[in-house]
There are 2 protein chains.
Amino acid sequence: MNIDGLIQQSGAWRTPDSEQKIVISSRIRLARNLRDYAFPGWGGAEECDRIWRDLSPRLCDDVPSLKPALCIGMDELDELDRQILTERHLISREQAEKGKGSGLILKKDETVSIMVNEEDHLRLQMLVPGLELKDVWKRIDALDSEIEQIVPYAFSPRLGYLTSCPTNVGTGMRASVMLHLPGLVLMNEINPIIKGMGKIGLAVRGLWGEGTESSGNMFQISNQMTLGEKEIDLVENIEQIAQEIIEHEKNARTRLMESRERFLRDHVGRAVGILSNAHLLSSNEALDLLSGLRLGVDLGIVKDVGRAVIDDLMVVAQPAHLQKFEGKVLKPKERDWYRAERIRKGLTKRRTTRTRGKKDHE
Amino acid sequence: MNIDGLIQQSGAWRTPDSEQKIVISSRIRLARNLRDYAFPGWGGAEECDRIWRDLSPRLCDDVPSLKPALCIGMDELDELDRQILTERHLISREQAEKGKGSGLILKKDETVSIMVNEEDHLRLQMLVPGLELKDVWKRIDALDSEIEQIVPYAFSPRLGYLTSCPTNVGTGMRASVMLHLPGLVLMNEINPIIKGMGKIGLAVRGLWGEGTESSGNMFQISNQMTLGEKEIDLVENIEQIAQEIIEHEKNARTRLMESRERFLRDHVGRAVGILSNAHLLSSNEALDLLSGLRLGVDLGIVKDVGRAVIDDLMVVAQPAHLQKFEGKVLKPKERDWYRAERIRKGLTKRRTTRTRGKKDHE
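The rules behind the values
- Residues numbered from 1 in each chain as written.
- Chains lettered and ligands numbered in written order.
- Predicted model: local features only at pLDDT ≥ 70, side-chain atom pairs only at ≥ 80, totals over all residues.
- Heavy atoms only, no water.
- Helix = DSSP H or I, 4+ residues; strand = E, 2+ residues; numbered from the N terminus.
- Rg over C-alpha atoms; globule rule 2.2 N^0.38 Å.
- Buried < 20%, exposed > 50% of the residue type's maximum accessible area, 1.4 Å probe, protein only.
- Contact = heavy atoms within 4.5 Å.
- Areas by Shrake-Rupley, 256 points an atom, 1.4 Å probe, with all protein chains shown as cover.
- Buried area = accessible area lost by both parts, 1.4 Å probe.
- Salt bridge = Lys/Arg side-chain N within 4 Å of Asp/Glu carboxyl O.
- Polar contact = N/O pair within 3.5 Å; in protein donor to acceptor, adjacent residues only side chain to side chain.
- Nonpolar A, V, L, I, M, F, W, Y, C, P; charged D, E, K, R; others polar.
- Expected span 1.5 Å × (residues − 1).
- Axes fitted to C-alpha atoms, helices over the stretch in contact; angles between N-to-C directions.
- Parallel < 35°, antiparallel > 145°, perpendicular 65-115°, else oblique.
- Left-handed = near helix turned anticlockwise from the far one by under 90°.

1. What to know about the overall build of chain A
Then comes step 1: A tally of helices and strands in chain A yields 12 helices and 10 strands.
Then comes step 2: Taking 2.2 N^0.38 as the reference for a compact globule, 362 residues should give roughly 21 Å; the C-alpha atoms of chain A span a radius of gyration of 21 Å, in line with that estimate.
Then comes step 3: By principal-axis analysis of the C-alpha atoms, chain A measures approximately 65 × 45 × 30 Å.
Then comes step 4: Looking at the 362 residues of chain A, the share that counts as buried comes to 57%.
Then comes step 5: Here the analysis covers contacts within chain A between residues at least 6 apart in sequence; of these, 71% occur between residues at least 24 apart.
Then comes step 6: For chain A, the computed accessible surface area is about 15,500 Å², with 48% contributed by carbon and sulfur atoms.

As structure tokens, then:
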């Protein structure tokens, strides 16, 4: 399986010249298991392999929501390709470690994907730009029904969907929104908000999911609880909380513009200057500077760069994407060199060809 | 006395589009005292005032090397103007503190100046771009003779010229060269060289003279001893040592290009990026970045900025110059804002209007 085509297209989580400012993307994943098989952790390699071989062609061919689909066995990919899929939020770090019997069914536009034999038999994922959780829920619910017509799920009338890890039992759903919150970070107001999230049962994570720090001022808000509430209620709750955080962020940005304008313009200007002229950029520095640049674009301080360009750079500046583009294995120090080059070129190219320049605040 | 005209012209220590790379300027000052008067520290305010009133018109009118001359009493200047003169290396910080009875005789092109009633009755200074100490010695020696025809100096056949501070007795001469040594700093090789200078009787100081740190990788090398050696020998010694340091610096730059090219390009690129885009720049950060930019120009990495532009910015980015240009008193934080603006504009303007672009190494 060759996934080289993927890196030529933008990720599912951004549309060309996206209107999105504070919300980057909405994502829902459902954990599902097959009724007649042991969970992947118990079933052993052979059973996993049988499931993958039986199920993957049927998912690819018979599930309308997935078409046109790619069917990618983990054992067909080298380490770099697996890392590419991780960087594109299509598989988890855990699945990237797996081999034969584990795989990914992916709709070509990357909006819909199914991890097969990761922690559960099936992990359905839908990822779209903007704050669209309710719509995503409708669509992934439909996908879920399409799949259930092909294979019976492990379901308990009392508990709901059964999962490998008890924290997912019930709805099996994790809904999340990715928010870009540089205003709250610069105003030193992010920590109380993160603490508040914990108190109301929401988790706050970094750009790359569980256990990662928040690089580039990106924060992923998701539900902790999967049991005892309807999916639509969980989803509406997260959307509502996200709206509140967005208001806080807008407010912080307004206050930055009003009372700390020089500091803000300096922050944005330095981001532009370093991204456009540095020759060595670590992944974290790049993300933080791209965040500063994005803030500048959002506030109309920077007018000649599109948000979509920045979102793309956040992905292509990741280690595996860099190596894939260069066609060779790169040591971390070498990656810093190629990352800076790719970002410089990305910003220059789009600056001269871009025709639209939105200035209005969200 | 109005010195507003001065800030419209470049300082004496740089020529337009200077060819100079590592050596910025050569400077000699001679400490002289009048035979028939007490030293300024002893004579008291009245005697100083009498000397200034008697002597300054005669120096302005009768000394050919000073014409056309400005005759500036310290008591005619506000604090800002005195600081301007300090930043232009025309008076010392000590003289800037003085009032009536102390003054400056200045040749309009700023190459020749005489501080009257600073620590000594007369401090003759000549400052030119490049490594020209021997030539400067010839010219200041001639100036010295011209003045001696007007007023008899305090001179001892045994000790030489007498001065307020015993460290200046003898020749009364301090000869110095200002060197820009970013290569040695970046290669971490500057400290042994500074230590070595001390051992052979030379002092190493910063951009603004005694007691200042070396901002912008500028190092001023001067003689410590004034007694027991002929002026020409002292001068030749400093020129020879300066040549050796220049060779070390060239060597360090070559090694940077060869073995740390990526680091070097990043260093220069970041300097360009931040100077062209930041909105808050402290004096020290500005000098360090201008040093990085100058290194980039010297090595042909940056092609669209002239060295003379950078040298000018090093002066106009100083606190008093900034305030003079803006026509108002500025707090340090405000200065950081105006400094960044002036540098951004200075670099943009010259980038588009500059016609020459030298690429050759020194």
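What follows continues from the structure just given.
2. Observations regarding the interface of chain A and chain B
Then comes step 1: Listed as interface residues are 17 residues of chain A and, on the opposing side, 17 residues of chain B.
Then comes step 2: Around 1,600 Å² of area is buried between chain A and chain B when both sides are counted, 59% of it from carbon and sulfur atoms.
Then comes step 3: When the buried surface of chain A facing chain B is broken down by residue, Arg-262, Arg-270 and Trp-337 of chain A rank first, second and third, together holding 38% of it.
Then comes step 4: Between the two partners, chain A and chain B, sit two salt bridges.
Then comes step 5: Counting across the interface, chain A meets chain B through eight residue pairs in polar contact (both at pLDDT 80 or more).
Then comes step 6: Elements with a contribution of two residues or more to the side of chain A that touches chain B: helix H8 (261–277) and helix H12 (332–353) of chain A.
Then comes step 7: The element best represented in the side of chain A that touches chain B is H8 of chain A, accounting for 10 residues.
Then comes step 8: Partitioned by chemical class, the residues of the side of chain A that touches chain B number seven nonpolar, four polar and six charged.

3. Points about helix H4 (residues 133–148) of chain A
Within an α-helix, residues lying three or four positions from one another point in the same direction, as the helix has 3.6 residues per turn.
Then comes step 1: Between its first and last C-alpha atoms H4 of chain A spans 22 Å; for 16 residues at 1.5 Å apiece the expected length is 22 Å, and the two agree.
Then comes step 2: Within H4 of chain A the residues assigned to the buried category are Leu-133, Val-136, Trp-137, Ile-140, Leu-143, Asp-144, Glu-146 and Ile-147 of chain A.

4. Quick word on the packing of helix H8 (residues 261–277) of chain B against helix H9 (residues 283–298) of chain B
All names here are of chain B.
Then comes step 1: For the pair H8 and H9, interaxial distance at closest approach is 8 Å and the crossing angle is 125°. When the axes of H8 and H9 are compared, the pair comes out oblique. Handedness of the H8/H9 crossing: left-handed. Contacts between H8 and H9 involve Leu-264, His-267, Val-268, Ala-271, Val-272, Ile-274 and Leu-275 from the former and Glu-285, Ala-286, Leu-289, Leu-290, Gly-292, Leu-293, Leu-295 and Gly-296 from the latter.
Then comes step 2: Split by residue class, the contact of H8 with H9 holds 11 nonpolar, three polar and one charged.

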